[in-house]
Amino acid sequence: MNFDLSIFWEYLLRPSTVYLHGLGLTLTISVIAQALGTILGLFIALSGISKYRSLNLPARFFVWAFRGTPLLVQIVFIYTGLAAAGIFRFEDLDLGLFVLPGNIQAGVLALTLNEAAYMAEIIRAGIGSVGVGQTEASKSLGMTYPLYMRRIILPQAARVVIPPLGNEFNAMLKNTTLLSVIGVPELLLATQMVTTVTFRVFELYLVVACYFLTLTTLWGFVQAYIERRFGEPAAREAKRQSFSAYRRIFGFGEAREPR
């Protein structure tokens, strides 16, 4: 095998401007799409558990549609399909300080909608984990629905939502690579651009794999800390013993439940 170790170390330790731009774009898109997807997922979850059919039926359809179709199909449909049908075309948006390309707008929208469908189910499960007595007690105190959801239910549900939320962001970092099909110059497409010049395909794809491993590993430590700090109090000690950051990142060695 013709493997050039010097090329590998050069691009790994001294990445070019193209690589750095792709890395920054990957992180930016991931954070924005995850934040917007979580907020939208909250409203969809609340609509899904609503007693009004005009709210819960569209929410359930949204979750069904976006969880049941591949993310790659959604990305291409939103950017290319809508434009081909004459419904909507994403044009470059001049924000003064910089220009936001249309393909990045479409990519963020697709990732946001897809993430919202998954977060809606996660948040719905978190709300369902709160005992019914909490709701009844809140109503007996005269609290309105928005008030007891904001002060009683959602703070308790958040502790259940935090662990899967961290996993979703981990997946979001990797899902940004799918945006390369619509020309978004994130980390994967940046690598492809460099390979067309250097013709060192194996070395450079190994570099991008190392970058993603670094990103997900660092996030694994952050997620472990967040879960220890804000997770369910009763489960904190168990998480310390059976789901340490090391075990979370490498995915083996979890303590088994006694039979």
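Residues numbered from 1 in each chain as written. Predicted model: local features only at pLDDT ≥ 70, side-chain atom pairs only at ≥ 80, totals over all residues. Heavy atoms only, no water.

(A) Broad picture of the environment of asparagine 103. For asparagine 103, the position within the fold is in helix α5 (residues 102-128). Taking C-alpha positions, asparagine 103 is 8.1 Å from aspartate 92, a pair spaced 11 residues apart along the chain. Once residues lying within four places of it in the same chain are set aside, the contact partners of asparagine 103 are Tyr79, Ile182, Gly183 and Val184. (Helix = DSSP H or I, 4+ residues; strand = E, 2+ residues; numbered from the N terminus. Contact = heavy atoms within 4.5 Å.)

(B) Molecular detail of the environment of glutamine 223. Within the secondary structure, glutamine 223 is located in helix α9 (residues 201-230). When the C-alpha positions of glutamine 223 and proline 163 are compared, they lie 7.5 Å apart, and in sequence the two are 60 residues distant. At 3.1 Å, the side chain of glutamine 223 and the backbone oxygen of proline 163 are in polar contact. (Polar contact = N/O pair within 3.5 Å; in protein donor to acceptor, adjacent residues only side chain to side chain.)

(C) Focus on the pattern of salt bridges. Summed over the entire model, instances satisfying the criterion amount to 2 salt bridges. A salt bridge links arginine 124 to glutamate 121; the shortest N-O distance between them is 3.2 Å. You can see arginine 124 and its partner glutamate 121 sitting in helix α5, 3 residues apart, about one turn around the helix. Relative accessible area serves as the criterion here: at 26%, glutamate 121 is assigned to the partly exposed category. The partner of arginine 200 in a salt bridge is glutamate 203, and the shortest N-O contact between them spans 2.6 Å. When sorted by exposure, arginine 200 lands in the same class as glutamate 203, which is buried. (Salt bridge = Lys/Arg side-chain N within 4 Å of Asp/Glu carboxyl O. Buried < 20%, exposed > 50% of the residue type's maximum accessible area, 1.4 Å probe, protein only.)

(D) Structural detail: a nonpolar patch on the surface. A grouping of Leu93, Leu95, Leu97 and Phe98 is seen on the molecular surface, where their side chains present a nonpolar patch of about 450 Å² in accessible area. If you trace the backbone, leucine 95 turns up in the loop between β1 (93-94) and β2 (99-100). Among the residues examined, leucine 95 registers a relative accessible area of 44% and is labelled partly exposed. (Patch = residues over 30% accessible without salt bridge, like charges linked within 9 Å, V, L, I, M, F, W, Y side chains within 5 Å. Areas by Shrake-Rupley, 256 points an atom, 1.4 Å probe, with all protein chains shown as cover.)

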